[in-house]
Amino acid sequence: MTSTTELHHDPATSSPNDSFIQGVKDCVPTLLGYISIGLAFGVVGSASGLSVLEIALLTILIYAGSAQFIFCALLLTSSPASAIIVTIFVVNLRHLLMSLTLAPHFTRYSMLRNVGFGTLLTDETFGVAVTKQMQTGKLYGKWMDGLNLTAYLFWILSCVTGAFLGQWVANPEQWGLDFALIAMFVALLVLQLSSVGKSKIVHYIKLIGYMAVIMYGLSYIVPSHVAVLLATVIVATIGVVTDK
C-alpha cells in the first residue's frame, strides 16, 4: 500500500529548478494566452446565454478551452445533450495521447498523484512540459503541480472575469475573440520550435505535412471530427517511431 507520506513527498525533486515555485514560473509565459482566451470564452459564453455561475461551473468541471467553445457553438444550434456530450468526449480524447506521452516520467509517483497530473493537463501545460523535458530530460512532480495549478487557477479567474465583461459585449466576433484559441496554439508551437535544432524542426514540419494529407484523405471516408482524431493518432504514432 502507498503511505500518506509517499503521497505528499516528492522523491525525485533534487534542485530549485524542479520545485513547485519553478513550475509556477515556467507557467508565466503562457498566462497571457490563458488570460486572453479565458476572457474570450467568458464573453462568448455570456453571449451564448450562459449565466456567470454556469460559465464558472463549465470552466471548473470541463477545463478545456476548445471543448468549452464547442459547447457554446452547439448550444446556440440547439443540439441535443447527447450530441454535445459525445462531441466533447471525442474532441478531448487527445488528452489521452498527451497523458500517455508524459506518463513514463511519472511512474515513480503514486496513482493518486498521477490522476492529479492527468486531470489538470491541458494543451498548453503539455507544451510547456514537453519543452522542459527536451531541455532537461526529466520531469518532476512538484514542478508539474506548480505548472498545472497555476494554469488552472488563472483559467478559472479569466473565464469568470470574461463572463462579467460579456454583459457589455454583444458581438464577440467583431473583436476577433473567436481567434484567441488558435493564436494560443500558434504561440505554443513557436515556443517549442525555438528550443530545438534544425533537424527536429524539419522532422516536425514533415509530421505537419503528414497530418494535413492524412486528415484530408480521411475526411472523404469518415466525418471530419473522426478524421481529425484518427489522423492525430496515426501521425502521433509516426512521430514516436521516427523520433531520434
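Reading the values: the criteria
Residues numbered from 1 in each chain as written. Predicted model: local features only at pLDDT ≥ 70, side-chain atom pairs only at ≥ 80, totals over all residues. Heavy atoms only, no water. UniProt positions renumbered as here; feature names shortened; annotations may be inferred. Helix = DSSP H or I, 4+ residues; strand = E, 2+ residues; numbered from the N terminus. Patch = residues over 30% accessible without salt bridge, like charges linked within 9 Å, V, L, I, M, F, W, Y side chains within 5 Å. Areas by Shrake-Rupley, 256 points an atom, 1.4 Å probe, with all protein chains shown as cover. Salt bridge = Lys/Arg side-chain N within 4 Å of Asp/Glu carboxyl O. Buried < 20%, exposed > 50% of the residue type's maximum accessible area, 1.4 Å probe, protein only. Polar contact = N/O pair within 3.5 Å; in protein donor to acceptor, adjacent residues only side chain to side chain. Contact = heavy atoms within 4.5 Å. Core = buried A, V, L, I, M, F, W, Y, C linked by side-chain atoms within 4.5 Å. Expected span 1.5 Å × (residues − 1).

Draft legend 1. Region of the structure containing the UniProt feature "transmembrane region" (unreviewed entry) in the protein chain. UniProt feature "transmembrane region" (unreviewed entry): in the numbering of this structure it lies at residues 31–53, 60–77, 83–103, 149–169, 175–194 and 224–242. As annotated, residues 31–53 has a helix share of 83% and a strand share of 0%, and its two end C-alpha atoms lie 23 Å apart. Structurally, residues 60–77 is divided into 83% helix and 0% strand, and its ends, taken at the C-alpha atoms, are 24 Å apart.

Draft legend 2. Structural context of a nonpolar patch on the surface. Judged by side-chain polarity, Leu53, Leu57, Ile60 and Leu61 come together as a nonpolar surface patch covering roughly 420 Å² of accessible area. As for its position among the elements, Leu57 is in helix α3 (residues 52–62). Classification of Leu57 by relative accessible area gives partly exposed; the value is 44%.

Draft legend 3. Quick look at the side chain of His95. In this fold, His95 is placed in helix α6 (residues 94–102). The exposure class assigned to His95 is buried, which follows from its relative accessible area of 15%. A distance of 3.4 Å separates the side chain of His95 from the backbone oxygen of Leu121, its partner in a polar contact. When sequence neighbours within four positions are dropped, the list of residues in contact with His95 reads Ala64, Leu121, Thr122 and Asp123.

Draft legend 4. Up close: the pattern of salt bridges. Here the structure, examined in full by the defined rule, presents two salt bridges. Measuring nitrogen to oxygen at the nearest pair gives 3.5 Å for the salt bridge that ties Asp26 to Lys132. Highlighted residues: Asp26 in helix α2 (residues 20–47) and Lys132 in helix α8 (residues 123–136), separated in sequence by 106 residues. We classify Lys132 as buried; its relative accessible area is 12%.

Draft legend 5. Representation of the environment of Leu218. Summarising the element assignment, Leu218 is placed in helix α11 (residues 198–218). Looking at Leu218, the relative accessible area reads 16%, which means it is buried. Distance from Leu218 to Leu230, taken between C-alpha atoms, is 8.1 Å for residues twelve residues apart in sequence. If near-sequence neighbours (up to four positions away) are discounted, Leu218 is found in contact with Ala227, Leu230, Ala231 and Ile234.

Draft legend 6. A look at the nonpolar core. Among the nonpolar cores identified, the biggest contains 43 residues, and Phe41, Tyr63, Leu102, Phe106, Trp143 and Met144 are the most heavily contacted of them. Elements with a minimum of two residues in this core: α2, α3, α4 (65–76), α5 (81–91), α6, α8 and α9 (141–165). It is α9 that provides the largest number of residues to this core, a total of ten residues. Discounting chain neighbours no more than four positions away, the residues touching Met144 are Leu102, Phe106, Phe117, Leu121 and Ala129.

Draft legend 7. Quick look at α8. Over its 14 residues, α8 extends 20 Å from the first C-alpha to the last, a length consistent with the 20 Å expected when each residue adds 1.5 Å. When you tally the buried positions in α8, you get ten out of 14 residues, the bulk of the element. For α8, every residue scored as buried is listed here: Asp123, Glu124, Thr125, Phe126, Gly127, Val128, Ala129, Val130, Thr131 and Lys132. Backbone geometry just downstream of α8 places Gly137 in the positive-phi region, at approximately 85°.

Draft legend 8. Broad picture of the environment of Ala67. Along the chain, the position of Ala67 falls in helix α4. What makes Ala67 buried here is its relative accessible area of 0%. For the pair Ala67 and Ile84, spaced 17 residues apart in sequence, the C-alpha to C-alpha distance is 9.5 Å. With residues near it in sequence (within four places) discarded, Ala67 still touches Ile62, Ile88 and Asn92.

Draft legend 9. Representation of unusual backbone geometry within the structure. Even without being glycine, Tyr63 reaches a positive phi, approximately 50°. Examined against the element boundaries, Tyr63 turns out to sit in the loop between α3 and α4. Tyr63 gets classed as buried once you look at its relative accessible area, which sits at 5%.

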